Amino acid sequence: MLIRISTALLLVLICSVYSCENIELKDKNPEWVIVIHGGAGTILKSEMTDEMENAYKKKLSEALELGSEILRNGGSSLDAISTAINCMEDSPLFNAGRGSVFTAEGKNEMDASIMDGATLNAGAVAGIKTVKNPVLAARKVMENSPHVMLIGKGADEFAKNQGLEIVDSSYFFTNRRWESFKRANKNKFGTVGAVALDMNGNLAAATSTGGMTNKMKGRVGDSPIIGAGTYADNKACAVSATGHGEYFIRNVVAYDINAIMKYSGVSLKEAATYVIMKKLKEQGAEGGIIAVDKAGNFVTVFNTSGMYRAYKNSNGFSEIKIYGDK
Ligand code: ASP
């Protein structure tokens, strides 16, 4: 009991000391919620043109609306997040699907994962090169294979056999990512992710990425690792992460937030703030998460200057944001 109270006090203290965006809806439990992200990193207003800002907001709004429409019609959280992520994967703005960053060899190798909070079923792919929408490949692994993760050629072949759209590797190339690769740009994030709660009370989370610019060939980050970049459990929350993947793997971030909630009984806001703003920050790890809990409370927390993010719930609460609040 004493441990539980002191943990809660510590987490409350951390929340008040560090700045982050946390939204908790306490008025009326929403029937459904969707939260999406398009990556966290050094995103500064001073370095963004109005044109770019509008393009990001427009695409986030489109992805959010596609996901919301599914939830509004009683569809599943899994369908909502897959559809929202597909929309961002198809856009060259984000580091996922078309527009993915390059490995040190100048190639695109993509990772994705998805998890169903109702069953704890999960699917993931890593190092894939030809599947147009990596998150759909992860979903096929979850639904149509006895495994959780497939990698490389085996994953590409499985996706093809499942009837997913296969493209030439040139499809993923964008000039913007190529230029930033050549400059070894430090602004290397841009992963996409989504979490949702549907009308049946089911949570789901998914994440899709090209990884980190200039990564070694064969490197796998946190995004396809269940527990690190993605986790969903109806008993606690659904989480999708973005940031410096190696730290997110070492700290098992998405599962840690779930476990803190489950075992100590603190709120989602307190658990997520502790992990991102204290634990990761102390290690020098940059990034953030989006998450929604079983009651429909949701948070977006990041220790970087910005995170592309948007949310909407059945109570009519909706926002699209890019920069930090401070
Ligand atoms: N977490 C991703 C990775 O390390 C990168 C990102 O979120 O931008 O592969």
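Owing to the predicted nature of the structure, the values given are computational and were not obtained by experimental measurement.

Definitions and limits used
- Residues numbered from 1 in each chain as written.
- Predicted model: local features only at pLDDT ≥ 70, side-chain atom pairs only at ≥ 80, totals over all residues.
- Heavy atoms only, no water.
- Near = heavy atom within 4 Å.
- Polar contact = N/O pair within 3.5 Å; in protein donor to acceptor, adjacent residues only side chain to side chain.
- Areas by Shrake-Rupley, 256 points an atom, 1.4 Å probe, with all protein chains shown as cover.
- 1 Å grid on protein atoms, 1.4 Å probe; cavity = no way out; pocket = protein on both sides within 12 Å on 5 of 7 lines; lining within 4 Å.
- Sits in = over half its atoms within 2 Å of the grid points.
- Nonpolar A, V, L, I, M, F, W, Y, C, P; charged D, E, K, R; others polar.
- Points joined across faces, edges and corners; volume = space filled by probe spheres on them.
- Salt bridge = Lys/Arg side-chain N within 4 Å of Asp/Glu carboxyl O.
- Helix = DSSP H or I, 4+ residues; strand = E, 2+ residues; numbered from the N terminus.
- Buried < 20%, exposed > 50% of the residue type's maximum accessible area, 1.4 Å probe, protein only.
- Axes fitted to C-alpha atoms, helices over the stretch in contact; angles between N-to-C directions.
- Parallel < 35°, antiparallel > 145°, perpendicular 65-115°, else oblique.
- Left-handed = near helix turned anticlockwise from the far one by under 90°.
- Contact = heavy atoms within 4.5 Å.

A. Quick look at the site of the ligand. Near the ligand lie twelve residues; those nearest to it are Thr-191, Arg-219, Asp-222, Thr-242 and Gly-243. Separating an oxygen atom of the ligand from a side-chain N or O atom of Arg-219 is a distance of 2.7 Å. The fraction of the free accessible surface of the ligand (270 Å²) that becomes covered by protein chains is 100%. More than half of the atoms of the ligand fall within 2 Å of the grid points belonging to the largest cavity. Split into classes, the residues belonging to the shell around the ligand amount to two nonpolar, eight polar and two charged.

B. How the structure looks around empty space enclosed by the protein. Under the definition given, this model contains one cavity of 30 Å³ or more. When its volume is computed, the largest cavity comes out at roughly 70 Å³. In terms of lining, the largest cavity is formed by 13 residues, of which the most central are Thr-191, Thr-209, Asp-222, Ser-223 and Gly-243. Grouping the constituent residues of the lining of the largest cavity by class yields two nonpolar, eight polar and three charged.

C. Structural context of the pattern of salt bridges. Within this structure, the stated rule accounts for 17 salt bridges. Between Glu-69 and Arg-72 there is a salt bridge; the shortest N-O distance is 2.5 Å. Residue Glu-69 and its partner Arg-72 are located together in helix α2 (residues 50-72), separated by three residues, close to a single helical turn. According to the relative accessible area criterion, Glu-69 is partly exposed, its value standing at 36%. A salt bridge links Asp-90 to Lys-132, with the shortest nitrogen-to-oxygen separation between them at 3.5 Å. Within this pair, whereas Asp-90 is found in the loop between α3 (77-89) and β3 (110-116), its partner Lys-132 is found in the loop between β4 (122-128) and α4 (134-144), the two being separated by 42 residues in sequence. Take Asp-90: its relative accessible area is 31%, and that puts it in the partly exposed class. You can call Lys-132 buried: its relative accessible area is 15%. Salt bridges here are not isolated pairs; linked through shared partners, they connect Glu-65, Glu-69, Arg-72 and Lys-312.

D. Just the packing of helix α8 (residues 253-264) against helix α9 (residues 268-282), in detail. Relative orientation of the contacting elements α8 and α9 amounts to 135°, with a least axis distance of 9 Å. Between α8 and α9, the angle falls in the class oblique. Both α8 and α9 take part in a crossing whose hand is right-handed. Only Leu-268, Ala-271, Ala-272, Tyr-274, Val-275, Ile-276, Lys-279 and Leu-280 of α9 make contact with α8, whose side of the interface consists of Val-253, Asp-256, Ile-257, Ile-260 and Met-261. When grouped by side-chain class, the residues that make up the contact of α8 with α9 number eleven nonpolar, no polar and two charged.

E. Representation of α4 in the model. Regarding α4, the residues found buried are Pro-134, Val-135, Ala-137, Ala-138, Arg-139, Val-141 and Met-142. Lining the buried residues of α4 we find α3, β3, β4, β5 (149-151), α5 (152-161) and β7 (203-209).

F. Looking closely at unusual backbone geometry. Here Leu-120, not a glycine, exhibits a phi torsion of approximately 65°, which is positive. The topology assignment puts Leu-120 in the loop between β3 and β4. Of the residues examined, Leu-120 reaches a relative accessible area of 41% and is grouped as partly exposed. The phi dihedral of Asn-214 is positive, around 70°, even though this residue is not glycine. Looking at where Asn-214 falls in the secondary structure, it is placed in the loop between β7 and β8 (230-232).

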